[in-house]
Structure formats: structure tokens, C-alpha cells
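# Coordinate inspection notes
These are the residues of each chain, in order.
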Amino acid sequence: MELECAVQKYAWGVRGFASSVAQLAKAMQPELEVTDDQPFAELWMGTHPSGPSIIKGSGEALLDYIKRQPGVLGFPVIEKFGEHLPFLFKVLSVNQALSIQAHPTKSHAEELHSARPDVYKDPNHKPEMTIALTPFQALCGFRPGQEIARHIRELPELKEVVGEEAATNFTENPGEETLKKCFSNMMQASPETISSALTQLLERFSKMDSGEGSELLRELFVRLHEKYPGDVGCFSIYLLNYLTLQPGEAMYLGPNVIHAYLLGDCIECMACSDNVVRAGLTPKYQDVTTLIEMLDYSMGPAEARKFEGFKMDNYTILYNPPVPDFAVDMIEVPTGVEQYTLRPVESASILLVVEGGAGVAEASPSAPGDAPSPPSTLQRGSVLFLAAGQSLTLRPHSDSQLLAFRALCVL
Ligand SMILES: [Zn+2]
């Protein structure tokens with residue numbers, strides 16, 4: 001069944017047709033108006049009430065169809081998660097940094113939700129998987145100890161916000177406890193301390209020649225400060241890994257891993273939850289004490305934050321995180337391949353075509369009930385819902401490679 005999916009126009013999104021979200025959504029819904037002054041931040045594929053997908057042809061919400069035909073989810077999914085789709089699949093186009101955040105474990109989410117249901121609206125965990133569509137910049141996890149120590153030594157402004165004693169303790173003995181003290185001092189520094197340190201560092205950078213200061217992340221610091229003046233999050237880049245994923249590279253954000261998306265377009269898949277603990281680079285509600293206590297303070301290189309996929313066959317790489325809620329197939333079929341069959345899986349799945357197109361030779365078995373039949377052709381922006389056990393045989397068009405992503409569960 002083909003889906004029509006919701007677009008979220010958050011202010012941090014890329015504007016107009018430069019946004020992958022706008023390009024894909026326009027291809028999916030030709031009547032969608034795309035103007036250069038509007039941000040197109042996210043495309044949502046799934047049943048989340050804030051942006052539910054609709055079945056093309058029947059106009060029924062995917063959520064309602066699944067309620068009527070829960071069997072399409074697959075028995076192992078129903079047994080594990082009940083009668084609902086356990087993941088939300090997205091495309092993101094990020095034009096400015098999103099908040100520094102982490103997501104709780106399942107049991108911590110239950111605690112947070114029962115104590116403060118107004119802030120933590122559901123009791124579920126929210127692991128996330130990110131696969132780059134364009135070079136994609138992010139902050140993720142704490143840097144190796146030597147790098148943090150070097151930044152503390154070379155940046156008196158940073159030393160000021162983490163505090164003299166904590167800074168010395170860390171540089172002499174870089175470990176998780178000394179790092180936690182530095183991070184919590186920084187996040188809880190007074191607004192006066194933060195603002196004076198930010199001003200000093202900006203002044204120092206402004207006196208440098210162009211091209212200087214790259215080892216001190218000058219360009220990134222200035223860029224963040226332009227959008228979030230006075231925000232302590234600008235200093236977080238000296239403690240956190242700064243990495244760029246190349247198209248097709250992935251990152252898995254398990255519980256308690258600190259991260260922030262900075263720039264670029266990506267595919268994202270996550271468990272169904274809205275539980276985000278934020279601190280820094282955001283005007284939204286910040287829960288600094290919860291974040292400080294929950295974080296994983298292990299340190300390591302940026303490269304180690306990349307998540308390796310598993311080659312299923314010549315054309316499909318499976319990114320399978322250590323949670324049952326979701327996994328993502330990246331399907332890349334070069335030109336000249338006449339036919340390719342997407343394997344049947346034991347869960348429902350959602351397929352998004354990002355590049356190229358294909359004829360649909362066969363979908364078997366057909367979806368149960370009164371579901372509309374699949375379209376005869378898939379193109380850039382096509383989104384298909386596949387019932388558990390359904391396979392799909394494609395005849396890729398010869399003019400371009402076929403690039404598609406498929407969210408599923410591996411149980
Ligand atoms: Zn996140």
C-alpha cells in the first residue's frame with residue numbers, strides 16, 4: 001500500500017527545495033506547496049498521532065488500518081509490542097543545531113513518566129538510528145580523555161566554566177568521575193560566568209587571521225554561537241565528539257548517549273516515544289540535573305561512534321541496533337540490474353524510495369482485507385507499507401541507481 005506522509009515544518013529545517021524532505025514530499029504529494037522561505041524539517045512515516053501516515057487510494061489512516069488488520073504487523077511484533085507499529089521512520093533536513101540531548105533507558109523512562117508525566121509523556125525508551133543522506137554533522141558521545149584535556153589546557157575560557165579544581169583533577173586523572181564533575185560544573189555554571197567566557201573566546205577568535213583556530217573548532221563555535229548566543233552548549237563541542245557521517249554511514253544512539261544533530265540530511269528510525277532529556281542549544285525545557293545523572297561518561301574516538309551495517313546480499317545492508325523495536329535496510333541497486341526482490345520479513349515494514357525508480361513486478365502475498373493494491377511504479381518519494389511476510393519484486397529503471405530505505409523489526 002502506498003502512503004502519504006506528514007511533513008513537519010520546524011524552524012530548524014532546511015528551506016525550500018534544498019531540503020531532502022521538501023523534495024521527497026513534493027514527489028509524493030504534487031499539490032504540496034514548496035517555497036524558499038519555508039523550512040521543511042522532517043518527513044514522518046508511521047502512525048504517530050502528531051503526524052500520521054494516510055493510505056493513498058482509500059484515505060484511511062495507517063493506524064486505523066492496522067487496528068482493523070493487526071495481523072499485518074506480524075505475530076512476533078504483536079507478541080512483543082502489542083497491536084501497534086513499534087517504530088517511527090523519518091527523513092530529517094537539518095539547517096541549524098538541534099538541542100544537546102540523551103534518551104532514557106526503558107526503566108528510567110517509566111520512572112520519569114510516572115514522576116513527571118507533563119514533561120515525559122510516555123513510559124517508553126527512544127533509541128535512535130541515523131543514516132546520512134548528505135554529509136551529516138553531529139555531536140556524539142564524549143571525546144577521548146587526551147582531547148578533552150588538551151582543550152582544557154588550551155582554552156582558559158573552558159577552564160573557567162568547568163572550574164579550576166575540576167579542570168586540574170581531570171587533566172591529572174582523566175576518568176568518568178572527573179569528567180562528570182567537569183560536565184556538571186559547566187552545565188550548571190552561572191549565566192554570568194558562561195556569558196563572560198563566551199565573549200572572551202569570541203573576542204580571541206575574532207583577533208585571529210582567517211584560517212587560524214581550526215584546532216580549537218573556531219568555525220563551529222562561532223556558527224553555534226550565532227544561533228544560540230549565551231548558550232553554554234557552545235562549549236560542549238570541546239567535550240563531545242564532532243563527527244561527519246558520509247552518505248550511507250550510520251550512527252546508533254542508545255540510551256544515555258549524549259548527542260546533537262548539527263547540519264545535513266539523514267534517515268532516522270526510532271522507537272515510538274517522545275522522551276528527550278535536553279540541556280543546551282535549545283530554547284525548549286531543559287532538565288540539566290536529570291541529564292547529568294543519567295549520562296554515559298565513557299570516552300572514545302568519534303570514529304567508534306559509527307555503526308556498522310551487515311551485508312544481507314549484493315544490494316542490501318541491514319543496520320540492526322541492539323533493540324528489537326526497529327532496524328533499517330539500506331537498499332542500493334546499481335543501474336543494469338533487471339530485477340531485485342525485497343525479502344519477506346517477520347514484521348510489517350515501511351519502504352522509502354530516495355533515488356531512482358522501479359516497476360513493481362509482484363507483491364506477494366497481497367495484503368489482507370480491503371487494502372488498495374500496490375502502485376505499478378515506484379519513484380523518488382514513494383513510500384510503501386508492507387505487511388509482515390510480504391515480498392516485493394522490483395524492476396529498477398535503467399536510468400539511475402535505485403536507493404531506498406526500509407524500516408522493519410528483527411525479532
Ligand atoms: Zn535524539
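Rules used in this analysis
Residues numbered from 1 in each chain as written. Predicted model: local features only at pLDDT ≥ 70, side-chain atom pairs only at ≥ 80, totals over all residues. Helix = DSSP H or I, 4+ residues; strand = E, 2+ residues; numbered from the N terminus. Rg over C-alpha atoms; globule rule 2.2 N^0.38 Å. Buried ≥ 20, exposed ≤ 12 C-beta atoms within 10 Å, placed from the backbone. Contact = placed C-beta atoms within 7 Å. Core = buried A, V, L, I, M, F, W, Y, C linked by C-beta atoms within 7 Å. Pairing = 2+ DSSP bridges. Domains from an automatic or database assignment. Nonpolar A, V, L, I, M, F, W, Y, C, P; charged D, E, K, R; others polar. Axes fitted to C-alpha atoms, helices over the stretch in contact; angles between N-to-C directions. Parallel < 35°, antiparallel > 145°, perpendicular 65-115°, else oblique. Left-handed = near helix turned anticlockwise from the far one by under 90°. Arc of directions from axis to C-beta.

Our next topic: the overall build of the protein chain. Along its length, the protein chain carries 11 helices and 25 strands. Taken against the 2.2 N^0.38 rule, which gives 22 Å for 411 residues, the C-alpha radius of gyration of the protein chain at 23 Å falls within 12% of a compact globule. Across its three principal directions, the C-alpha atoms of the protein chain cover 70 × 50 × 40 Å. Out of the 411 residues belonging to the protein chain, those deemed buried represent 44%.

For the peptide bond that leads from Ser364 to Pro365, omega is -15°, which places it in the cis range. Structurally, Pro365 can be placed in the loop between strand E21 (358-364) and strand E22 (377-378). One non-glycine residue with positive phi stands out, namely Leu217, at about 55°. With a phi close to 55°, Leu281 is a non-glycine residue in the positive phi region.

Along the chain, Gly280 falls in the loop between strand E14 (277-278) and helix H11 (288-294). A residue is classified by how many C-beta atoms lie within 10 Å of it, and Gly280, with 23 of them, is buried. Put simply, Gly280 and Val232 are 48 residues apart on the chain and 6.2 Å apart in space, counted from C-alpha to C-alpha. In this structure, Gly280 is in contact with Ser99, Ile100, Asp231, Val232, Gly233 and Ser236, ignoring residues within four places of it in sequence.

This part takes up the nonpolar core. Membership of the largest hydrophobic core comes to 123 residues, with the highest contact counts inside it found for Ile131 and Val328. Here the element with the most residues in this core is strand E13 (residues 259-271); it accounts for eight residues.

What follows deals with the sheet that holds strand E24 (residues 391-396). In space, the four strands of this open sheet follow the order E19-E24-E21-E22, with antiparallel pairing throughout. Because the sheet does not close on itself, it has two edges, and the strands there are strand E19 (340-342) and E22. Taken together, the three bridges between E19 and E24 define a ladder with antiparallel strand orientation. From the neighbouring strand, Leu342 faces E24, where its bridge partner is Leu392.

You'll often see interface size given as the accessible area lost when the parts meet. Domain annotation of the protein chain identifies domain 1 (3-140 + 244-307), domain 2 (147-236) and domain 3 (310-408). Within the side of domain 1 that touches domain 2, the residues separate by chemical class into nine nonpolar, three polar and no charged.

Bringing the environment of Leu133 into the picture now. Of note, Leu133 is situated in the loop between strand E9 (128-132) and strand E10 (136-142). Considering only alpha carbons, one finds Leu133 and Leu384, 251 residues apart in sequence, at a separation of 19 Å.

So, on to the packing of helix H5 (residues 145-154) against helix H7 (residues 164-172). Direction vectors running N to C along H5 and H7 enclose 140°, while the axes themselves pass 9 Å from each other. When the axes of H5 and H7 are compared, the pair comes out oblique. Handedness of the crossing formed by H5 with H7: left-handed. Contacts between H5 and H7 involve Ile148, Ala149, Ile152 and Arg153 from the first element and Ala167, Phe170 and Thr171 from the second. A breakdown of the residues in the contact of H5 with H7 according to their chemical character gives five nonpolar, one polar and one charged.

Turning to H7, its buried residues are Ala166, Ala167 and Phe170. Looking down the long axis of H7, one finds its buried residues gathered within 100° of arc, a one-sided arrangement. In this structure, H7 carries Glu164, Glu165 and Glu172 as exposed residues pointing more than 90 degrees from its buried face. Where the residues of H7 are buried, they touch H5, helix H6 (156-162) and helix H8 (176-187).

The next thing to look at is the pairing of strand E17 (residues 316-319). Of the strand pairs in this sheet, strand E16 (residues 310-311) and E17 are connected by two bridges, and their pairing is antiparallel. Along E17, the bridge assignment pairs Lys311 with Ile317. Here E16 folds back onto E17, and the loop between the two strands holds four residues. Bridging between E17 and strand E18 (residues 327-333) involves four bridges; their strand directions are antiparallel. Across the sheet, residue Leu318 finds its bridge partner in E18, namely Asp329.

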